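Topology and contacts: notes
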Amino acid sequence: MAKGLEFDNVIIANANNSYYTGKVGNNRLYTAISRASKKLFINSIDKFKPNYNFN
């Protein structure tokens, strides 16, 4: 059981590397991804390559 809010579907709209940069950016990305309980959609206009290790 997770703490905090969870949603069936989560959409990360216009994901870009400038917003998800560094430790704070990694925390933002982890928080957004971990809120999805069924489906996760990531939309990006530019090429989005997160610098995040999910292990």
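As a reminder, the structure under discussion sits directly above these lines.
The following refers to the structure shown. What you see is a predicted model; the values in this text were computed from it and never measured.

**Section: the overall build of the protein chain**
- Assigned secondary structure in the protein chain consists of one helix and two strands.
- For the protein chain, the N- to C-terminal ordering of α and β elements is β-α-β.
- In the protein chain, which comprises 55 residues, the proportion classed as buried is 15%.
- Per element, the accessible surface of the protein chain, about 4,700 Å² overall, is 52% carbon and sulfur.

**Concerning the nonpolar core**
- Val10, Ile12, Ala15, Tyr20, Leu29, Ala32 and Phe48 form the largest nonpolar core, which has seven residues in total.
- Listed by contribution, the elements that provide at least two residues to this core are β1 (7–12) and α1 (22–34).

**A word on the environment of Leu40**
- In this structure, Leu40 sits in strand β2 (residues 36–42).
- For Leu40, a relative accessible area of 33% corresponds to the partly exposed category.
- Between the C-alpha atoms of Leu40 and Asp8, which are 32 residues apart in sequence, the distance is 8.6 Å.
- Excluding its chain neighbours within four sequence positions, the residues that come into contact with Leu40 are Val10, Ile12 and Ile33.

**Thoughts on the pairing of β1**
- For β1 and β2, the ladder comprises five bridges, and the chain directions are parallel. Its bridge partner lying in β2, Phe7 is registered against Ala36.
- In this fold, the crossover linking β1 to β2 by way of α1 has right-handed handedness.

The rules we used
Residues numbered from 1 in each chain as written. Predicted model: local features only at pLDDT ≥ 70, side-chain atom pairs only at ≥ 80, totals over all residues. Heavy atoms only, no water. Helix = DSSP H or I, 4+ residues; strand = E, 2+ residues; numbered from the N terminus. Buried < 20%, exposed > 50% of the residue type's maximum accessible area, 1.4 Å probe, protein only. Areas by Shrake-Rupley, 256 points an atom, 1.4 Å probe, with all protein chains shown as cover. Core = buried A, V, L, I, M, F, W, Y, C linked by side-chain atoms within 4.5 Å. Contact = heavy atoms within 4.5 Å. Pairing = 2+ DSSP bridges. Right-handed = clockwise from strand over helix to strand, strands pointing away.

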